[in-house]
Amino acid sequence: METLRRELGALSWLVRMAVFGTVAVAVYRELQQPAEKRTWHGKVFNVVPYDFRMPSPARIAKAWWSPRSRKLFNEQPFGVGWVINLPVAVRGLQRMRGKAR
C-alpha cells in the first residue's frame, strides 16, 4: 500500500510540474511579443491550448456544456488544457452501459 501511495505521489508531482511548465511556456510566449500583439490565448507547441483572458459566463458554459458538439474535450475557458464536455461524456457512458447489457 505504501508503494502505491508513493507512486501516486510521484505521478501527482509529475502532472503538477507539467501543468506549471505549460503555463510558464505560454506566459513566456506571450511576453516575447510586443504588448499590442499579445492575445493571451493560443497553443503551446501547437498542441496544448491556453487562454488567460477573463472568461465570460457564456465561454465557461460552452466549454463544459456543448450538447450539439461531438467533441469530448473542449479547450479550457481559463488556464491551460482541456475540460470535459459533459453531455458528450454522459452520452458515451450511456452507450457503454447499453452495450454491457
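What counts, and where the lines are drawn
- Residues numbered from 1 in each chain as written.
- Predicted model: local features only at pLDDT ≥ 70, side-chain atom pairs only at ≥ 80, totals over all residues.
- Heavy atoms only, no water.
- Helix = DSSP H or I, 4+ residues; strand = E, 2+ residues; numbered from the N terminus.
- Rg over C-alpha atoms; globule rule 2.2 N^0.38 Å.
- Buried < 20%, exposed > 50% of the residue type's maximum accessible area, 1.4 Å probe, protein only.
- Contact = heavy atoms within 4.5 Å.
- Areas by Shrake-Rupley, 256 points an atom, 1.4 Å probe, with all protein chains shown as cover.
- Lys, Arg positive; Asp, Glu negative; His and termini not counted.
- Charge placed at Lys NZ, Arg CZ, Asp CG, Glu CD.
- Patch = residues over 30% accessible without salt bridge, like charges linked within 9 Å, V, L, I, M, F, W, Y side chains within 5 Å.
- Salt bridge = Lys/Arg side-chain N within 4 Å of Asp/Glu carboxyl O.
- Pairing = 2+ DSSP bridges.
- Expected span 1.5 Å × (residues − 1).

Asker: Please explain the overall build of the protein as it appears in this structure.
Answerer: Broken down by element type, the protein carries three helices and five strands. Overall, the protein shows an N-to-C arrangement of helices and strands of α-β-β-α-β-β-β-α. On C-alpha atoms alone, the protein measures out to a radius of gyration of 18 Å, which is more than a quarter above the 13 Å that the 2.2 N^0.38 rule sets for 101 residues. Counting every position in the protein, which comprises 101 residues, the buried fraction comes to 20%. Nonlocal contacts in the protein, meaning residues at least 24 apart in sequence, comprise 27% of its contacts between residues at least 6 apart. Total accessible area on the protein stands at roughly 8100 Å², and carbon and sulfur atoms take up 66% of it. Charged side chains in the protein number 18 positive and 6 negative. The centres of these two groups are separated by 13 Å.

Asker: Help me understand a positive patch on the surface, please; the structure alone is not making it clear to me.
Answerer: Together, R70, R91, R95 and K99 line one region of the surface with positive charge. When you line up the elements, R95 lands in helix α3 (residues 86-100). Taking relative accessible area as the criterion, R95 reaches 54% and is therefore assigned exposed.

Asker: Is there a simple way to think about the sheet that holds strand β4 (residues 79-80) in this case?
Answerer: Sheets are built from strands paired through backbone hydrogen bonds, the pairs being either parallel or antiparallel. Strand order across the open sheet formed by three strands is β1-β2-β4, with antiparallel pairing between neighbours. If you trace the sheet from one side to the other, it starts and ends with β1 (41-44) and β4, each paired once. Relative to strand β2 (residues 48-51), β1 runs antiparallel, the two being bridged by four bridges. When the sheet's bridge partners are listed, G42 is paired in β2 with Y50.

Asker: Would you explain helix α1 (residues 2-31) in this entry?
Answerer: Helical geometry: 3.6 residues make up each α-helical turn, so side chains three or four residues apart lie on a common side. Taking 1.5 Å of rise per residue, 30 residues should cover 44 Å, and α1 covers 43 Å from first to last C-alpha, within 8% of that figure. Those residues of α1 lying buried are T22, A26 and E30.

Asker: When you look at the pattern of salt bridges in this model, what are you seeing that I'm missing?
Answerer: Close approach of charged atoms allows side chains of opposite charge to pair. Within the structure shown, the criterion is met by three salt bridges. Measuring nitrogen to oxygen at the nearest pair gives 3.4 Å for the salt bridge that ties E2 to R5. Here E2 and its partner R5 are both found in helix α1, three residues apart, which amounts to about one turn of the helix. Residue class for E2 comes out partly exposed when judged on its relative accessible area of 46%. Taking the relative accessible area as the measure of exposure, R5 reaches 51% and is therefore exposed.

Asker: Just checking my understanding: could you explain the environment of M54 for this structure?
Answerer: Relative to the elements of secondary structure, M54 occurs in the loop between β2 and α2 (57-64). The exposure class of M54 is exposed, given its relative accessible area of 72%.

Note that all results are geometric; they support no functional claim without further evidence.
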